[in-house]
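# What the coordinates show
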Amino acid sequence: MSHIRQLISLTSRGLAGLVCPPECVWCHRPIGDGFLCASCLERFQKNYYCCQKCATPLPAVVRNEDCFRCRDMKWKFQRTIALGPYRGQLREAVILMKKSGAETLRNALGRLLGKQLRDLVNSRTTAEPRHVPDPILVPVPNHWTHGLSRAANTAGSIAAAVASETGYPVADRAIRRIRKTSKQGMLAWTERAKNVRHAFQISNAKLLIERHVILVDDVLTSGATVGELARVLHRVGISSLDVAVVARGTGSRESSPATARPDHAG
Ligand SMILES: [Zn+2]
Ligand SMILES: [Zn+2]
């Protein structure tokens, strides 16, 4: 009986493959397995030299671990992991990821990010096996009214994909956005910190205490949103904090509302 069941399962998978062969989620070329073809994998996986702290791209000749921006920003996180700078096809992918129908793209890029994050956490565990707290993923929360729109919960979906790849738990209700904020991309950098000040509240501190928290979002640009979340998270006694984003926005600090792109996150 089990053989018959197995045969039916294999046949239906085979038929599904003939009708709709697996394809790359980005360029739609047929592929054997996975989510991205070899050239899209090459395109999207991290392959750029960057600041260890904030993931800003740096010329490969610069051997500093941090960039000029990090020297006067007192970030409350240790590291930022990003697949690449927010430009070219990665930028196009991030814009598309915000659409509700783009779940497979969010999943593919979230898994790539998860692989990179796991490598970082594993390298720390190897270096200091006794002192690495358990990681937990926290997607940057939306205000509850976001759920009424047709826009996707981008950070939540990326965190779910990172979790599938790493096995780290997701604390998606540990923090709430308690007031509606203007879109960070519509504001000048100088206004972004004020926009998100006191916008978040911890709703389940127990989940976070003494954990290594990894904040997950689609883009990091000015750092105002993660900066405010970091402030709130450290007050409840987390152990350490990293940031994982699909892309690192590299807009000018002097961006005015007229020049800032509305698709930029904070
Ligand atoms: Zn492809
Ligand atoms: Zn930096």
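Before going into details, it helps to say that this report is about the structure given with it. (Residues numbered from 1 in each chain as written. Chains lettered and ligands numbered in written order. Predicted model: local features only at pLDDT ≥ 70, side-chain atom pairs only at ≥ 80, totals over all residues. Heavy atoms only, no water.)

### Section: the overall build of the chain
Our working rule: Only runs of H or I of at least four residues qualify as helices and only runs of E of at least two qualify as strands under DSSP, and these elements are numbered from the N terminus. Per-residue accessibility, obtained with a 1.4 Å probe over protein chains only, is compared with the maximum for each type, and a residue is labelled buried under 20%, exposed over 50%, and partly exposed between these values. We call two residues in contact when some of their heavy atoms are within 4.5 Å.
Counting secondary structure elements, the chain contains eight helices and six strands. Element order for the chain, N to C, with α for helix and β for strand: α-α-α-β-α-α-β-α-β-α-β-β-α-β. Taking all 266 residues of the chain together, the buried fraction comes to 46%. Across the chain, every contact between residues at least 6 apart in sequence was considered, and the portion connecting residues at least 24 apart equals 74%.

### Some points on the nonpolar core
Under the convention used in this document: Among buried residues, the Ala, Val, Leu, Ile, Met, Phe, Trp, Tyr and Cys ones that are joined through side-chain atoms within 4.5 Å form a nonpolar core. The start and end points of each domain follow an automatic or database-based domain assignment.
One finds Leu-36, Phe-44, Leu-109 and Val-246 to be the most contacted residues of the largest nonpolar core, which totals 36 residues. Going through the elements one at a time, helix H2 (38-44), strand S1 (79-85), helix H4 (88-97), helix H5 (103-127), helix H6 (154-166), strand S5 (212-220) and strand S6 (240-248) are the ones with two or more residues in this core. Looking at which domains feed residues into this core, each of domain 1 (1-44) and domain 2 (46-248) gives three or more. Excluding anything up to four places from it in sequence, Leu-36 contacts Cys-24, Val-25, Trp-26, Ile-31, Leu-41, Phe-44, Ala-108, Leu-109 and Leu-112. Judged by nonpolar contacts, the second largest core, of 35 residues, contains Cys-50, Ala-82, Val-140 and Leu-215.

### What to know about the coordination of the zinc ion (ligand 1)
Where we set the bar: Because no water is among the atoms considered, metal sites can look incomplete, with donors defined as N, O and S atoms within 2.8 Å of the metal, or 3.2 Å for Na, K and Ca. Irregular is the label for any site that misses the other tests, which are tetrahedral for four donors with all angles between 85 and 135 degrees, and square planar for four donors or octahedral for six when opposite donors exceed 155 degrees and the remaining angles lie between 65 and 115.
Protein coordination at the zinc ion (ligand 1): the donors are Cys-24 (SG), Cys-27 (SG), Cys-37 (SG) and Cys-40 (SG), at 2.3 Å from the metal. Coordination at the zinc ion (ligand 1) is tetrahedral: its four donor atoms span angles of 103 to 120° at the metal. Sequence positions of the donors to the zinc ion (ligand 1) reduce to the motif C-x2-C-x9-C-x2-C. Residue Cys-27 is found in the loop between helix H1 (2-19) and H2, and its partner Cys-37 is found in the loop between H1 and H2; the two are separated by ten residues along the sequence.

### Let's talk about the coordination of the zinc ion (ligand 2)
All of the protein donors around the zinc ion (ligand 2) are Cys-51 (SG), Cys-54 (SG), Cys-67 (SG) and Cys-70 (SG); their distances to the metal are 2.3 Å. Coordination at the zinc ion (ligand 2) is tetrahedral: its four donor atoms span angles of 103 to 116° at the metal. Of note, the zinc ion (ligand 2) draws all its donor residues from one chain, in the sequence arrangement C-x2-C-x12-C-x2-C. Of this pair, Cys-51 sits in the loop between H2 and helix H3 (68-72) while Cys-67 sits in the loop between H2 and H3, and the two are 16 residues apart along the sequence. Residues Cys-51 and Cys-67 agree in their burial class; the two are buried.

### Some details on the packing of helix H7 (residues 189-196) against helix H8 (residues 224-235)
We apply this condition: Axis lines are fitted through C-alpha atoms, for helices just across the contact stretch, and the angle between N-to-C directions can take any value from 0 to 180 degrees. Note on convention: the crossing is left-handed when the near helix lies turned anticlockwise from the far helix by less than a right angle, right-handed when the turn is clockwise.
Running from amino to carboxyl end, H7 crosses H8 at an angle of 35°, the nearest separation of the two axes being 8 Å. Of the two possible hands of crossing, H7 and H8 adopt the one that is right-handed. Packed against H7, whose contacting residues are Arg-192, Ala-193 and Val-196, the element H8 presents Ala-224, Thr-225 and Glu-228 at the interface.

Keep in mind that these numbers describe shape and distance, not what the molecule does.
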